[in-house]
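Structural characterization, general
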Amino acid sequence: MEKQNILITGASRGIGKAIADELTSVGFSCITPSSKELNLNDKNSVARYIAKNSDLDIYGLVNCAGINILASLDEIDDEKFDNMINVNLRSVISLAKFASVSMRRNEGGKIVNISSIWGVRSKACRTLYSITKFGINGITKALARELGEFNILVNSVAPGYVDTDLTRQNVPLAEQVKIKQEIPLGRFAQTSEIAKLVAFLIGKENSYISGQVIVIDGGFLA
């Protein structure tokens, strides 16, 4: 049997790479376009990628790529706003529209959108990020209803703090220690733990979970 194709954005590092590795290990064929092939901040680049791959048969889509521009209300400008909307929201809709064509033709498929705990609650200077992550969760719920009749399951995964190079770069060590004290499990998630949840939602074992925002945060929001 031919391996089923999973299109994954943001798979060059961190959570996205872990998802691609996990899905490959359980038998899927992962398509992981680079930022040069698919520039999510450029709607023309997204349109060109879709047109070039219009015949691609897609069983699953994982929208993992995203940016996080921290800005206070006074620091928000049109460029920051547009960049966040383009990468974190507009591309999610465009790629879901693209992938759902073959999913409908094949009478089934899975879409997993990587959201965040900051799409469930928020904090200072996360206005732009939360706009997009709350939005992703809204997209998930709307598409779960719209595409359910075609046996297409749509879910969001909302990680908390994850041990990635980017986290270590952006969160000072002293702050990491403080945050871990607020997490009941006392540590950040490993990327492999996020990947295994995504693999379950994409895999055949999931036949009825749809329209959900699944938080994976070690109990941080409890």
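What comes next concerns the included structure. Worth saying up front: this structure is predicted, and the values here are computed from it rather than measured. (Residues numbered from 1 in each chain as written. Predicted model: local features only at pLDDT ≥ 70, side-chain atom pairs only at ≥ 80, totals over all residues. Heavy atoms only, no water.)

Concerning the layout of surface pockets
What counts here: A cavity here means a set of 1 Å grid points, computed over protein atoms only, where a 1.4 Å probe fits but cannot escape. A pocket is an open set with protein on both sides within 12 Å along at least 5 of 7 lines, and lining residues have an atom within 4 Å of a point. Grid points are joined across faces, edges and corners, and a volume is the space filled by probe spheres set on the points. Classification used: nonpolar for Ala, Val, Leu, Ile, Met, Phe, Trp, Tyr, Cys and Pro, charged for Asp, Glu, Lys and Arg, polar for all others including Gly.
Here the largest pocket defines a volume of roughly 1300 Å³. Lining the largest pocket are 45 residues, and of these G66, I67, N68, Y129 and L166 sit closest to its centre. In terms of residue class, the lining of the largest pocket is made up of 20 nonpolar, 19 polar and six charged. By residue class, the composition of the lining of the second largest pocket is four nonpolar, three polar and two charged.

Quick notes on the sheet that holds strand β5 (residues 152-159)
Here is the rule: Here, strands pair whenever DSSP counts at least two bridges between them. For the purposes of this entry, the term helix denotes a DSSP run of H or I that reaches at least four residues, the term strand denotes a run of E that reaches at least two, and both are numbered from the N terminus. Axis definition: a line fitted to C-alpha atoms, over the contacting stretch in the case of helices. Angles run 0 to 180 degrees between N-to-C directions.
Taken together, six strands build an open sheet; the order of strands is β2-β1-β3-β4-β5-β6 and the sheet is parallel. Either end of the sheet is taken by a strand with one partner, and the two such strands are β2 (29-31) and β6 (213-216). Mean inter-strand twist for the sheet, computed between neighbouring axes without regard to direction, equals 20 degrees. Judged from the three bridges that link them, strand β1 (residues 5-8) and strand β3 (residues 60-63) form a sheet pairing that is parallel. For I8, the partnering residue across the bridge sits in β3 and is V62.

Some words on helix α4 (residues 127-147)
Quick reminder of the rule: In a helix, the anticipated span is given by 1.5 Å times the number of residues less one. For every residue, the accessible area obtained with a 1.4 Å probe (protein chains only) is divided by the maximum for its type, and the residue is called buried under 20%, exposed over 50%, and partly exposed between those limits.
Compared with the 30 Å implied by 1.5 Å per residue over 21 residues, the 30 Å span of α4 between its first and last C-alpha is a close match. Considered for burial, the residues of α4 that qualify are L128, Y129, S130, T132, K133, I136, N137, I139, T140, L143, A144 and L147.

Some points on helix α7 (residues 191-202)
The line we're drawing: Note on definitions: a residue-residue contact is assigned when non-hydrogen atoms from the two residues lie within 4.5 Å.
In a regular helix each residue adds 1.5 Å, so 12 residues correspond to 16 Å; α7 covers 17 Å between its end C-alpha atoms and thus fits that length. When we look at burial in α7, the residues that qualify are T191, I194, A195, L197, V198, A199, L201 and I202. Where α7 is buried, its residues meet β1, α1 (14-25), β3, β4 (109-114), β5 and β6.

Some points on the nonpolar core
Generally speaking, soluble globular proteins have nonpolar side chains that are buried together. How we decide: Residues grouped as a nonpolar core are buried Ala, Val, Leu, Ile, Met, Phe, Trp, Tyr and Cys residues, joined through side-chain atoms within 4.5 Å.
Of all hydrophobic cores here, the largest spans 25 residues; its most connected members are L7, L61, L95, M103, I111 and V154. Only α2 (43-52), α3 (78-105), α4 and β5 provide two or more residues apiece to this core. Top contributing element to this core by residue count: α3, with nine residues. The contact partners of L61, leaving out residues within four places of it in the chain, are L7, L95, A96, A99, M103, K110, I111, V112 and I202. With 24 residues, the next largest nonpolar core counts F28, C64, V157 and A189 among its residues.

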